[in-house]
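# Chains, contacts and geometry: an overview
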Amino acid sequence: MSQKTGVPPSHRFTKSLPVDFRFMGSPTSDVVGYADINLETDGVTNLSSPGKNGDSGVKVVERVGNGVADTEQGNEDSPYSGNVKLAENSPSVGDEDLDSTTAPFPSVSKSSNGHRWSDITSYATKKKVQSWFQLPNGNWELGRIMSTSGMESVISLPAGKVLKVNSDSLIPANPDILDGVDDLMQLSYLNEPSVLFNLRYRYNQDMIYTKAGPVLVAINPFKKVLLYGNDYIEAYKNKSIESPHVYAIADTAIREMTRDEVNQSIIISGESGAGKTETAKIAMQYLAVLGGGSGIEYEILKTNPILEAFGNAKTLRNDNSSRFGKLIEIHLVNLEKYLEPRFKPFGFVLHMAVLLEKSRVVQCAGGERSYHIFYQLCAGAPRALRGKFVAIVIFL
Ligand SMILES: Nc1ncnc2c1ncn2[C@@H]1O[C@H](COP(=O)(O)OP(=O)(O)OP(=O)(O)O)[C@@H](O)[C@H]1O
């Protein structure tokens, strides 16, 4: 099978979080010794890395399972610790001729869970399907299997690199026809690099939403994307558009509530700066339009800046970080059976703020700020009063 020739070069590799990734902490001391990639003149890439004592030992990362499902299995420290196993001081690919079947290559140690990809991998190598290979620096590269002998495969990577690798370390890639599918469940091979590749492929075309079965994956675009507004809302309401979207999630929630007469919840989770607050507002925007247009919905949406003034602050990760947990309850009144497609206006929206980070009022880390309201107070106050406010802030 050919490589993804229609794919721009920037899409052909994808990167995992480093195996020593910690959410807010610093890398641990037991880090993987990432190998340097040296492109030899004969086009064969050798993996080499100075070991602790200056030897050429390299720690090799083994992928032992399906990245999507396994993220829940790891310990709480590392999101990928359930998936990876370090084979320390394994020999690196040497300078030997590729024809030499005894040439050392990054070894892969089996995990106690067994190698769940081995069946699929052997099928993939037999059929020479395009495969993903993880370089020691964490990048996944899409390669074409040139030959396989025993447990070794020779793969060609983009830019003419050729590698001899353990066949078990290859992870099958999906055919080109599945590039950028709407729902990750449609992928023939559901593995970490394929998921990352698909998300990245869509993201590069401003398709920031992708379904993973009933779950919506949203990637923060950090720029204005033309996916919102009344035209889109109308289209999702009329079901004339089916691309994954927050609007579609909100639409499903309200329709199922009407049909089953059961309350619905939308849970939005992600790390700081991922876009949870914006996503919640986008969902509320859809519900507001669907609500019928009494005007009260828009007033409710306007309460967000007030809530954010008291509960949001600039952090190193997010200029408008919510420093509290938020539960938003939207109550619909006079909801008559089978009222679709038009719903009665909202009764009220209940915001519940919990676990406010109180310490931020008196102390915050360098480069961060206290709650927006303090700065807004100073900015809006008459000059004499402003001086007093600033004095209080300094005194605190
Ligand atoms: N859909 C989007 N379109 C454009 N920009 C977005 C979108 N979602 C998020 N952003 C940008 O990312 C920034 C951070 O998003 P947001 O405040 O929603 O993150 P968060 O997950 O709520 O973070 P925290 O947990 O720190 O409160 C926003 O201020 C905005 O600039």
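Just so it is clear, the model here is predicted, and its values are computed rather than measured. (Residues numbered from 1 in each chain as written. Predicted model: local features only at pLDDT ≥ 70, side-chain atom pairs only at ≥ 80, totals over all residues. Heavy atoms only, no water.)

What follows concerns the overall build of the chain. Across its full length, the chain holds ten helices and 16 strands. Counting every position in the chain, which comprises 396 residues, the buried fraction comes to 40%. Contacts in the chain between residues far apart in sequence, at least 24 positions, make up 55% of those at least 6 positions apart. With the model as given, the accessible surface of the chain reaches about 21,600 Å², and the carbon-plus-sulfur share is 56%. (Helix = DSSP H or I, 4+ residues; strand = E, 2+ residues; numbered from the N terminus. Buried < 20%, exposed > 50% of the residue type's maximum accessible area, 1.4 Å probe, protein only. Contact = heavy atoms within 4.5 Å. Areas by Shrake-Rupley, 256 points an atom, 1.4 Å probe, with all protein chains shown as cover.)

Let us now look at the pairing of strand 9 (residues 162–166). Buried residues dominate strand 9, accounting for five of its five residues. Pairing of strand 8 (residues 152–156) with strand 9 involves five bridges; the strand directions are antiparallel. If you follow V154 over to strand 9, its bridge partner there is K164. A loop of five residues connects strand 8 with strand 9, the two strands running antiparallel in sequence, and A159 in this loop sits at a positive phi of about 65°. (Pairing = 2+ DSSP bridges.)

Quick look at the confidence of the model for the chain now. Detailed reading of the predicted model is not advised wherever pLDDT is low. Of all residues in the chain, 59% have pLDDT values of 70 or greater, and the mean over the chain is 71. Predicted confidence is poor over residues 5–11, with pLDDT under 50, and the contacts of this stretch with residues over four places away or in other chains come to twelve contacts. The low-confidence segment residues 21–115 (pLDDT under 50) makes 186 contacts with residues lying over four places distant or belonging to another chain. (pLDDT = per-residue confidence, 0-100.)

Let us now look at the site of the ligand. Taken together, 18 residues lie around the ligand, and S272, K276, T277, S321 and S322 are the ones closest in. Between G273 and the ligand, the recorded distance is 2.8 Å, taken from a backbone N or O atom to an oxygen atom. Between the ligand and T277 there is a distance of 2.5 Å, counted from an oxygen atom to a side-chain nitrogen or oxygen. The fraction of the free accessible surface of the ligand (630 Å²) that becomes covered by protein chains is 83%. Contributing elements (two or more residues each) for the shell around the ligand: helix 6 (276–290) and strand 14 (321–322). Its residues assigned to classes, the shell around the ligand comprises five nonpolar, nine polar and four charged. (Near = heavy atom within 4 Å. Polar contact = N/O pair within 3.5 Å; in protein donor to acceptor, adjacent residues only side chain to side chain. Nonpolar A, V, L, I, M, F, W, Y, C, P; charged D, E, K, R; others polar.)

We now examine the packing of aromatic side chains. Scanning the model with the defined rule gives five aromatic pairs in all. Consider the rings of W132 and F197, whose centres lie 5.5 Å apart with planes at 50°: the pair is tilted. Of this pair, W132 sits in strand 6 (residues 131–134) while F197 is found in helix 3 (residues 192–203), placing the two residues 65 residues apart along the sequence. W132 gets classed as buried once you look at its relative accessible area, which sits at 1%. Counting every residue linked through ring pairs, the aromatic cluster contains Y228, Y236, Y247 and Y286. Taking NZ or CZ as reference, R369 lies 3.9 Å from the ring centre of Y375, over its face. (Phe/Tyr/Trp six-rings, centres within 6.5 Å; stacked < 30°, edge-to-face > 60°. Lys NZ or Arg CZ within 6 Å of the ring centre and 35° of its normal.)

This part takes up the side chain of K161. Relative to the assigned elements, K161 resides in the loop between strand 8 and strand 9. Taking relative accessible area as the criterion, K161 reaches 14% and is therefore assigned buried. A polar atom in the side chain of K161 sits 3.3 Å from the side chain of E141.

All right, on to a nonpolar patch on the surface then. A cluster of nonpolar residues, L327, L350, M352, V354 and L355, forms a patch on the protein surface that exposes about 450 Å² of accessible area. In terms of residue count, strand 16 (residues 346–354) provides more of the nonpolar patch than any other element does, three residues in total. Summarising the element assignment, M352 is placed in strand 16. What makes M352 partly exposed here is its relative accessible area of 36%. (Patch = residues over 30% accessible without salt bridge, like charges linked within 9 Å, V, L, I, M, F, W, Y side chains within 5 Å. Salt bridge = Lys/Arg side-chain N within 4 Å of Asp/Glu carboxyl O.)

Between two packed helices, the angle of one axis relative to the other and the distance separating the axes together describe the packing. It is the contact of helix 8 (residues 304–311) with helix 9 (residues 372–380), at a shortest axis distance of 5 Å, that shows an interaxial angle of 100°. The orientation of helix 8 with respect to helix 9, classified from their angle, is roughly perpendicular. Contacts between helix 8 and helix 9 involve E308, A309 and F310 from the former and H372, I373 and Q376 from the latter. Residues belonging to the contact of helix 8 with helix 9 are distributed by class as follows: three nonpolar, two polar and one charged. (Axes fitted to C-alpha atoms, helices over the stretch in contact; angles between N-to-C directions. Parallel < 35°, antiparallel > 145°, perpendicular 65-115°, else oblique.)

Relative to the helices and strands, Y232 resides in helix 4 (residues 230–237). Separated by 13 residues in the primary sequence, Y232 and H245 have C-alpha atoms spaced 9.8 Å apart. In this view, Y232 contacts L226, L227, I241 and Y247; residues no more than four positions away in its chain are not counted. Polar side-chain contacts of Y232 include one of 3.0 Å to the backbone oxygen of L226.

Before going further, it helps to examine helix 5 (residues 246–260). Three or four residues apart is the spacing at which side chains of an α-helix point the same way, because the helix has 3.6 residues per turn. For helix 5, with 15 residues, the first-to-last C-alpha span of 21 Å sits near the 21 Å given by 1.5 Å per residue. Buried residues along helix 5 sit in contact with strand 11 (209–212), strand 12 (215–218), helix 4, helix 6 and strand 15 (325–332). Immediately downstream of helix 5, the backbone of E261 shows phi near 55°, a positive value. (Expected span 1.5 Å × (residues − 1).)

Buried within helix 4 are the following residues: I233, A235, Y236 and K237. On its buried face, helix 4 sits against helix 5 and helix 6. Immediately beyond the C-terminal end of helix 4, within one or two residues, lies K239, with a positive phi of roughly 60°.

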